[in-house]
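As a plain string of letters, each chain reads:
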Amino acid sequence: MTGYFITFEGGEGAGKTSILHSIASKLKEKGYDIVTTREPGGIRISEQIRNIILNPLHTEMDARTEALLYAAARRQHLVEKVFPALEQGKIVLCDRFIDSSLAYQGYARELGIDEVFTINQFAIQNSMPDLTLFFDIKPEKGLARIAANEDRERNRLDLEKLNFHEKVYEAYQILVQRFPERIQVINADQTLKQVEEDSLSLITQFLNTIE
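This structure is a prediction, so every number in the text was calculated from the model and none was measured.

Moving on: the overall build of the protein. A count of helices and strands for the protein gives eight helices and five strands. When its helices and strands are written in sequence order, the protein yields β-α-β-α-α-β-α-α-β-α-α-β-α. Overall, the C-alpha framework of the protein stretches about 45 × 35 × 35 Å when taken along its three principal axes. Taken over 211 residues, the protein has a buried fraction of 51%. Partitioning the contacts of the protein with sequence separation of at least 6, the portion at a separation of at least 24 is 79%. Of the accessible surface of the protein, which amounts to about 10300 Å², a share of 50% is contributed by carbon and sulfur atoms.

Here it is, written out as structure tokens:
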């Protein structure tokens, strides 16, 4: 029995993390066996790599080093947590996956989307998500949300200028066009309740289609 791998993507402040946990609770109520996780992280080794990548003090980190660290964390996370859960028939909801690397390092860091995709192919062995939700909100609005949320983790990416986040947003538009069969767009510039309803509806429709 094989489960399903669903990823949540978006720029900073898109609200995807909150929505993911809310959706997970509602899917569990419907009887689905759900595993929630995040990238980079999700397991001990990958969380340690996360601390290196996102440490605000590591401003000297080279863009290629950053891309390779994300791929390394991704590989270990897949092997330890995602693959076993999928093999047990569970539904894995993951906060970020390969599309984040393509957007942030491939496009915004100007390493090349195809080049970063190639690096990650070695790490993931063609294990792409079954469904990806892209939470669409303009960068300035997302960053304003972050500024207003004192509880949110502050990391190295928060030090980037607006121009960087605009490039990330452009990259996601490119990826939506490139993978239309996999990536579905959610309007994240709505109330949390509405975004949650839209997300749950889309995921439920997907699960009903394949069952």
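Moving on from the coordinates now.
Turning our eyes to something else, we now look at the sheet that holds strand 3 (residues 91-95). Across the sheet, which stays open at both edges, the five strands sit in the order 2-3-1-4-5 with parallel pairing between neighbours. In the strand order of this sheet, the two ends are held by strand 2 (34-38) and strand 5 (183-187), each with one partner. Direction aside, the axes of adjacent strands within the sheet are offset by 20 degrees on average. Note: strand 1 (residues 4-10) against strand 3, five bridges, orientation parallel.

Within this structure's numbering, the places UniProt gives as "binding site: ATP" (unreviewed entry) are G10, G11, E12, G13, A14, G15, K16 and T17. Within the secondary structure, G15 is located in the loop between strand 1 and helix 1 (16-29). Looking at the secondary structure, you find K16 in helix 1.

Among the nonpolar cores identified, the biggest contains 40 residues, and F5, L102 and L175 are the most heavily contacted of them. Only helix 2 (44-54), helix 3 (63-87), strand 3, helix 4 (98-108), helix 5 (113-124) and helix 7 (162-178) provide two or more residues apiece to this core. Counting residues per element, this core draws most heavily on helix 3, at 10 residues. In this structure, L175 is in contact with D99, L102, A103, I113 and I183, ignoring residues within four places of it in sequence. I6, I23, L93 and F206 belong to the second largest nonpolar core, which has 24 residues in total.

To continue, consider the packing of aromatic side chains. The full count for this structure, using the stated rule, is six aromatic pairs. Taking 4.9 Å as the distance between ring centres and 80 degrees as the angle between the ring planes, the aromatic pair formed by F5 and F97 counts as edge-to-face. Highlighted residues: F5 in strand 1 and F97 in the loop between strand 3 and helix 4, separated in sequence by 92 residues. Among the residues examined, F5 registers a relative accessible area of 2% and is labelled buried.

Take A67: it is sitting in helix 3. Residue A67 is classed as buried on the basis of its relative accessible area of 2%. It is 8.2 Å that separates the C-alpha atoms of A67 and G106, two residues lying 39 residues apart in sequence. Here A67 is in contact with Q105 and L111, once residues within four sequence places are set aside.

Under the counting rule described, the total for this entry stands at 13 salt bridges. Close ionic contact of R96 with E12 constitutes a salt bridge, the shortest N to O distance being 3.4 Å. Taken together, the positions of R96 in the loop between strand 3 and helix 4 and E12 in the loop between strand 1 and helix 1 put the pair 84 residues apart, joining distant regions of the chain. Judged by its relative accessible area of 8%, E12 is buried. When the shortest N-O distance is used, the salt bridge between E66 and R109 registers 2.8 Å. Of this pair, E66 sits in helix 3 while R109 sits in the loop between helix 4 and helix 5, placing them 43 residues apart in sequence. Comparing E66 with R109, the two get one shared label, buried. Ionic contacts of the salt-bridge type, sharing partners, join the residues E9, E12 and R96 into one network.

What counts and what doesn't
- Residues numbered from 1 in each chain as written.
- Predicted model: local features only at pLDDT ≥ 70, side-chain atom pairs only at ≥ 80, totals over all residues.
- Heavy atoms only, no water.
- Helix = DSSP H or I, 4+ residues; strand = E, 2+ residues; numbered from the N terminus.
- Buried < 20%, exposed > 50% of the residue type's maximum accessible area, 1.4 Å probe, protein only.
- Contact = heavy atoms within 4.5 Å.
- Areas by Shrake-Rupley, 256 points an atom, 1.4 Å probe, with all protein chains shown as cover.
- Pairing = 2+ DSSP bridges.
- Axes fitted to C-alpha atoms, helices over the stretch in contact; angles between N-to-C directions.
- UniProt positions renumbered as here; feature names shortened; annotations may be inferred.
- Core = buried A, V, L, I, M, F, W, Y, C linked by side-chain atoms within 4.5 Å.
- Phe/Tyr/Trp six-rings, centres within 6.5 Å; stacked < 30°, edge-to-face > 60°.
- Salt bridge = Lys/Arg side-chain N within 4 Å of Asp/Glu carboxyl O.

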